[in-house]
Amino acid sequence: MLDHTQDSRQDTLSPPQPPAVLDIEHAVVADDPRAWSKARKLVVVATVSAASMIAGLGGNIYNREHGANSPPPCIAAISQIEEQLHASSGAISLSLSLFILIQGGVPLLWSALSEFWGRKKVYLVSTALCAIGCIVAALSKTIGVLIGMRCIQAIGSSAVISLGAATLADIFEPSQRGTMMGIYYSAPLLGPSLGPILGGALTQGFNWRATFWFLAIFVGVCFLLFIPFRDTFRRERSLVYQAALKRRLAHESAKGSEASSLSQITAVSRIIPDVEKKTEEKPTADGHGEGKDAIETLARDIDLEKQQKQAVSADIDPAEPLEEIKLSLADVNPVKPIVHVLRRMNNLTILTASGLIFAFSYSITYTCSRTLANKYGYNALQIGLVLLSFGAGSLFGSVLGGRYSDHVFRKLKASNGGSSEAEMRLQSTMVPMIFLPPSVIAYGWVCERHVNVAAICVMLFLAGFFSISIYSSTLAYIVDANTGRSSSAVATNSAFRGLFAFVASEVAVPLQVRLISWHLPHTPCGCRGPFLHDAIGDGGLYSLWTGLMILAELLILLVWWKGGAWRQKWELKERGLS
């Protein structure tokens, strides 16, 4: 009895415990995707990973240019397009550059649409659009149609780039995302390696149109995979959706308040007609009637009272309108979520670093193709086989780097008493940071000295391994640091990397080599080809890239050091607490 009394007294004296507050990422939802079975989750990962290969294959399935020492250009896809469609090299270059640029920017729109349509609808619409672009491109008779269809392909293939990572964020906890992001991102990395091999084989066996027919079939298979796909999006866990819902509710409340004011004025004017008559018959001392002022004053009082009641009732039961109001595309604002992402300094810094690393990966595959063609005399198939070493390194770096990232994250979380910060994810990048710059500069000078191709394969493997192991961790951080806005954050990352890759592709060739003349009358095949003159060469180009990789690493370390404070500052501002 005494013990029971003491326990009761302690319960009375102890302060009440605050209720557990869940972040929006863990809001209670029906059919929680994170509670799905492991098998179903793996099916989702496999589906989005397969679809993510569309972008890599589409951008690399035919080569930009053939080299001076390559086999007769009549077997190259680019040369066939120039001959059959009467296209200039500038038009071909435009089609390839636009593909990169559009593929980087359009995910911003797909991301906004997915916050209202859900992931599945966007996957179906985008893959169908891409398939149409591939089919029409295969049938095109003019270069203008081909360029237009390449743009349609880029628009359709870009959706999976941003939504794939967001889909994984929907179904996996932060402690599991590194591994799954690594697995997911390994698939599109195969595109730059497999694309030239497939493109070369299809072009040699058939013609350039076969590359687009192959893409159309592959995209069609992905479309069929998305038909039974179970949507992972839940609007309760989307800050973008909730913000749009608040705007709609505020708009509906304003319209209701205005209508209420008009009805109240009408009602008051009917209730007190006698007052109007009396005030008209009895003017005041200054000669003016008070009837009109009385009506307006009473109407304002009643309307103010009604608005206060509406505000109180909204505070008591805020969930009631959620079931009644459905948002439409008119509520989509793709700009505002991106502004929310970019105004955080930690996001802007990590996105810049991520864009630099991706631009390097794109540049090395592009310039390596030119080096192997111009200086080693390799054809498209041989070039693709060499580039497989970069793809293999990227594949291992993505998967193993993702697993190591999760290992470090869980270890730091346990040492921190079970609580975690998104910046813990970046600590796993410190080991590969040591080896990336030496690998980059070594690759450049190996190519510059024209050593045995085996050395180039080794350097490609190492550069791919260390660069992608860092990139996969930064991608996981971008998702973790933007709770409720993962789709918008990854879409912004896609825009950054597309812009950086576009710039890298445009400046790489002038820095690597400069074309002097296109007249070579005594080539073995009797064709014309270029005289090439080195600018800064591969050695100088990748010495420059080494400096940019060191800059990217310093930016990542800056986010690891200061990113938590920057992120928390903006989170408090967005909650209105500071």
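Since the model is a prediction, treat every value here as computed from it, not as a measurement.

Student: What is the right way to look at the overall build of the protein chain in this model?
Tutor: Across its full length, the protein chain holds 21 helices and two strands. For the protein chain, the residues scored as buried account for 50% of the 578 residues in total. Put simply, of all contacts in the protein chain between residues at least 6 apart along the chain, 82% involve residues at least 24 apart.

Student: Whenever I open this one, the side chain of Asn 346 confuses me. Can you help?
Tutor: Mapping Asn 346 onto the fold places it in helix 16 (residues 345-375). Overall, Asn 346 belongs to the buried group, its relative accessible area being 0%. Those residues within four positions of Asn 346 in sequence are excluded, and the remaining contacts are Glu 423, Tyr 477, Ala 481, Val 559, Gly 563, Trp 566 and Arg 567.

Student: Which parts of the structure should I look at to understand the packing of aromatic side chains?
Tutor: The description of an aromatic ring pair uses the distance of the two centres, along with the angle that the planes make with each other. Throughout the structure, instances matching the rule amount to 15 aromatic pairs. With 5.9 Å between their ring centres and 65° between their planes, Phe 360 and Trp 545 make a pair best called edge-to-face. Placement of Phe 360 in helix 16 and of Trp 545 in helix 21 (residues 537-574) is noted, with a sequence separation of 185 residues between them. There is no split in this pair, since Phe 360 and Trp 545 are both buried. Taken together through their ring pairs, the aromatic side chains of Phe 396, Phe 435, Phe 461, Phe 465 and Phe 466 make up a single cluster. Over the aromatic face of Trp 36 sits the side chain of Arg 40, whose NZ or CZ is 5.4 Å from the ring centroid. The ring of Trp 561 carries the charged tip of Lys 562 above its face, separated from the ring centre by 5.5 Å.

Student: Looking at this model, I keep getting lost on the pattern of salt bridges. Mind explaining?
Tutor: A pair can form between side chains of opposite charge whenever their charged atoms are brought close. By the definition in use, this model includes twelve salt bridges. Here Asp 480 makes a salt bridge to Arg 425, at a shortest N to O gap of 3.2 Å. Note that Asp 480 is positioned in helix 19 (residues 453-480) and Arg 425 in the loop between helix 17 (380-415) and helix 18 (430-448), a separation of 55 residues in sequence. Judged by its relative accessible area of 11%, Asp 480 is buried. The exposure class assigned to Arg 425 is buried, which follows from its relative accessible area of 0%. Arg 567 is the partner of Glu 571 in a salt bridge, and the nearest nitrogen-oxygen pair spans 3.4 Å. Pair noted here: Glu 571 and Arg 567 are both in helix 21, with a separation of four residues, about one helical turn. The class of Arg 567 is buried, set by a relative accessible area of 7%. Salt bridges sharing common partners tie together Arg 177, Asp 406, Arg 425 and Asp 480.

Student: Explain unusual backbone geometry here, please?
Tutor: Most peptide bonds adopt trans geometry, and most residues besides glycine take a negative phi value. Here His 86, not a glycine, exhibits a phi torsion of approximately 55°, which is positive. The exposure class of His 86 is exposed, given its relative accessible area of 71%. Its identity as a non-glycine residue notwithstanding, His 450 has a phi of 55°, on the positive side. Following the sequence through the fold, His 450 ends up in the loop between helix 18 and helix 19. Since its relative accessible area comes to 42%, His 450 is described here as partly exposed.

Student: In this structure, what is going on with the packing of helix 16 against helix 20 (residues 486-512)? I would like to understand it.
Tutor: Two packed helices can be described by the angle between their axes and the distance between those axes. Between helix 16 and helix 20, the least distance of the axes is 7 Å, while the angle of their chain directions is 40°. The angle between helix 16 and helix 20 falls in the class oblique. When the axes of helix 16 and helix 20 are compared, the crossing they make is right-handed. Residue composition of the contact of helix 16 with helix 20, grouped by class: 14 nonpolar, ten polar and two charged.

Student: I'm lost on the nonpolar core in this one. Help?
Tutor: Considering soluble globular proteins, one finds that nonpolar side chains tend to be buried as a cluster. Of all hydrophobic cores here, the largest spans 115 residues; its most connected members are Ile 143, Leu 168, Leu 372, Tyr 443, Ile 456 and Trp 545. Element by element, the count of residues in this core is highest for helix 19, at 14 residues. When sequence neighbours within four positions are dropped, the list of residues in contact with Ile 456 reads Cys 368, Leu 372, Tyr 376, Tyr 443, Val 446 and Cys 447. Core analysis: the next-biggest nonpolar cluster, separate from the first, contains five residues, Phe 116, Val 240, Tyr 241 and Leu 245 among them.

Student: For this particular structure, what's the right way to read the state of the cysteines?
Tutor: Among covalent bonds in proteins, the disulfide is the one between the sulfur atoms of two cysteines. Per the stated rule, a full pass over the model turns up zero disulfides. Looking at the unpaired Cys 222, the closest cysteine sulfur is the one in Cys 130, lying at 8.9 Å. Looking at Cys 222, the relative accessible area reads 3%, which means it is buried.

Student: For this particular structure, what's the right way to read the packing of helix 20 against helix 21?
Tutor: Between helix 20 and helix 21, the shortest axis-to-axis distance is 9 Å and the interhelical angle comes to 140°. As far as their axial angle goes, helix 21 and helix 20 are oblique. Note on element contacts: helix 21 touches helix 20 through Gly 537, Asp 538, Leu 541, Leu 544 and Trp 545, opposite Ala 504, Ala 508, Leu 511 and Gln 512. Among the residues making up the contact of helix 20 with helix 21, the classes are represented as six nonpolar, two polar and one charged.

Thresholds, definitions, all that
Residues numbered from 1 in each chain as written. Predicted model: local features only at pLDDT ≥ 70, side-chain atom pairs only at ≥ 80, totals over all residues. Heavy atoms only, no water. Helix = DSSP H or I, 4+ residues; strand = E, 2+ residues; numbered from the N terminus. Buried < 20%, exposed > 50% of the residue type's maximum accessible area, 1.4 Å probe, protein only. Contact = heavy atoms within 4.5 Å. Phe/Tyr/Trp six-rings, centres within 6.5 Å; stacked < 30°, edge-to-face > 60°. Lys NZ or Arg CZ within 6 Å of the ring centre and 35° of its normal. Salt bridge = Lys/Arg side-chain N within 4 Å of Asp/Glu carboxyl O. Axes fitted to C-alpha atoms, helices over the stretch in contact; angles between N-to-C directions. Parallel < 35°, antiparallel > 145°, perpendicular 65-115°, else oblique. Left-handed = near helix turned anticlockwise from the far one by under 90°. Nonpolar A, V, L, I, M, F, W, Y, C, P; charged D, E, K, R; others polar. Core = buried A, V, L, I, M, F, W, Y, C linked by side-chain atoms within 4.5 Å. Disulfide = S-S within 2.5 Å.

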